[in-house]
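Listed here are the chains, written in short residue letters.
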Amino acid sequence: TCIQDLFTQLWSSSSEQSAPQVGNRMCLQVLQLVAEDCTDSDFNSKISTKRRNDILIGLNEVSSQFLPLLYRSLEQIATLTQARTSIHQMRTYLLLHQQRVATMTPEQAAAYQAEEAKIKGSSLIIADTLRCLEKFCRSMPLEWIMSPQHDFCAAFFHLMREPTENINLLAVECLEQLALRGKLTYTQWSQWIQDLPQAVQQTNQLIAQETEYLQVQE
């Protein structure tokens, strides 16, 4: 299928850190557009019902191939978190030594910029993935999002802690769309209620940390 070819040619060729993973982002944007055309009332009037159903059937048949890739994209939060931690440590060092970002040595500046590049690249991929998944959460099969193999809901709760590129807001939008469908079981609702306080607490801790290292003057 077109989706299979797209992911084979673009996603695999962009598996390493690039500027910033252009192939991956193209795949995600195409998936998002396809989902919009098939499910969004503002878009789906442009194609016939039969064609729309054919596309949905095709997507479902190849979902086992692209859903793991989307989940793997969200796992880039590990790279983003490590890079943010490194930036925090660098800014703390500058603060303790009464330095500014603008007065860093060339070696310090190179290391700082490398971590910033990691933050930018990984955060854009995560944000694009969440925008795509938000369309899936609206009307695609719940099994896509809530399977034991790839628990996207747990990932959404985890990503609520990350403010870069509005990742936290995009994650909440995904959860909101799932909740609005009214198809969650009692067990699933209970798990959400248990996960939410911890996610909010850790988000507040991250905001406090952000405020601390932003004291370093640019």
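Residues numbered from 1 in each chain as written. Predicted model: local features only at pLDDT ≥ 70, side-chain atom pairs only at ≥ 80, totals over all residues. Heavy atoms only, no water.

**Describing the packing of aromatic side chains**
Going by this rule: Stacked, tilted and edge-to-face are the three classes assigned to paired rings of Phe, Tyr and Trp, where Trp is represented by its six-membered ring and a pair needs centres within 6.5 Å; plane angles under 30 degrees give stacked, over 60 edge-to-face, the rest tilted. Strands are runs of DSSP state E lasting at least two residues, helices are runs of H or I lasting at least four, and both sets are numbered from the N terminus onward. Each residue is assigned to one of three classes by its accessible area relative to the maximum for its type, calculated with a 1.4 Å probe on protein chains only: buried under 20%, partly exposed between the two thresholds, exposed over 50%.
Throughout the structure, instances matching the rule amount to seven aromatic pairs. Ring centres of Phe-66 and Phe-136 lie 6.1 Å apart, and the angle between their planes is 45°; on these two criteria the pair is classed as tilted. Here Phe-66, found in helix H3 (residues 49-74), pairs with Phe-136, found in helix H5 (residues 106-139); they are 70 residues apart in sequence, far enough to count as distant. An identical accessibility class is assigned to Phe-66 and Phe-136; each is buried. With 5.2 Å between their ring centres and 85° between their planes, Phe-136 and Trp-144 make a pair best called edge-to-face. According to the relative accessible area criterion, Trp-144 is buried, its value standing at 4%. Taken together, the ring pairs connect Phe-66, Phe-136 and Trp-144 into an aromatic cluster.

**Let's talk about the pattern of salt bridges**
Stated formally: One speaks of a salt bridge when a side-chain nitrogen belonging to Lys or Arg is within 4 Å of a carboxyl oxygen belonging to Asp or Glu.
In this structure the tally under the stated criterion is six salt bridges. Note that Glu-115 and Lys-118 form a salt bridge whose closest N and O atoms lie 3.5 Å from each other. Taken as a pair, Glu-115 and Lys-118 lie in helix H5 at a separation of three residues, close to a single helical turn. Note on Glu-115: relative accessible area 13%, which makes it buried. On the accessibility criterion, Lys-118 (36% relative accessible area) is partly exposed. The partner of Asp-128 in a salt bridge is Arg-131, with the nearest N and O atoms 3.1 Å apart. Of the two residues, Asp-128 and Arg-131 are both situated in helix H5; the distance of three residues between them amounts to about one turn of the helix. Residue classification places Asp-128 among the buried positions, given a relative accessible area of 7%. According to the relative accessible area criterion, Arg-131 is partly exposed, its value standing at 33%.

**So, helix H7 (residues 152-159)**
Put simply, the test is: Counted as a polar contact is a pair of N or O atoms within 3.5 Å, where, for protein atoms, one must be capable of donating a hydrogen and the other of accepting one, and residues adjacent in sequence contribute only when both atoms are in side chains.
By the criterion of burial, H7 is predominantly enclosed, with six of the eight residues buried. Along H7, the positions that sit buried rather than exposed are Phe-152, Cys-153, Ala-155, Phe-156, Phe-157 and Leu-159. Residue Asp-151 occupies the N-cap position of H7, its side-chain oxygen lying 3.2 Å from the main-chain nitrogen of Cys-153.

**Digging into the packing of H7 against helix H8 (residues 167-180)**
Think of two packed helices as two axes; the pair is described by the angle between the axes and how far apart they sit. How we decide: Between N-to-C directions, angles cover 0 to 180 degrees, with each direction set by a line fitted to C-alpha atoms, over the stretch in contact for helices. Roughly parallel means an angle under 35 degrees; roughly antiparallel means over 145; roughly perpendicular covers 65 to 115; every other angle is labelled oblique. A crossing counts as left-handed when the near helix is turned anticlockwise from the far one by less than a right angle, and as right-handed when that turn is clockwise. A contact between two residues is defined here by any heavy atoms of the two lying within 4.5 Å. Gly counts as polar in this scheme, as do all residues outside two lists: the nonpolar Ala, Val, Leu, Ile, Met, Phe, Trp, Tyr, Cys and Pro, and the charged Asp, Glu, Lys and Arg.
Between H7 and H8, the least distance of the axes is 8 Å, while the angle of their chain directions is 140°. When the axes of H7 and H8 are compared, the pair comes out oblique. In the crossing of H7 with H8, the sense of the turn from one axis to the other is left-handed. Judged by residue contacts, Cys-153, Phe-156, Phe-157 and Leu-159 of H7 engage Ile-167, Asn-168, Ala-171, Cys-174, Leu-175 and Leu-178 from H8. Split by residue class, the contact of H7 with H8 holds nine nonpolar, one polar and no charged.

**Things to note about the nonpolar core**
Put simply, the rule is: Put simply, buried Ala, Val, Leu, Ile, Met, Phe, Trp, Tyr and Cys residues joined by side-chain atoms within 4.5 Å make one nonpolar core.
Ranked by size, the top nonpolar core spans 47 residues in total, and within it Leu-130, Phe-136, Ile-145 and Phe-156 carry the most contacts. Elements with a minimum of two residues in this core: helix H2 (22-39), H3, helix H4 (77-96), H5, helix H6 (142-145), H7, H8 and helix H9 (186-213). Of all the elements, H5 adds the most residues to this core, at 10 residues. Leave out the neighbours within four places in its chain, and Phe-156 touches Leu-74, Leu-130, Leu-133, Cys-137, Ile-145, Ala-171, Cys-174, Leu-175 and Leu-178.

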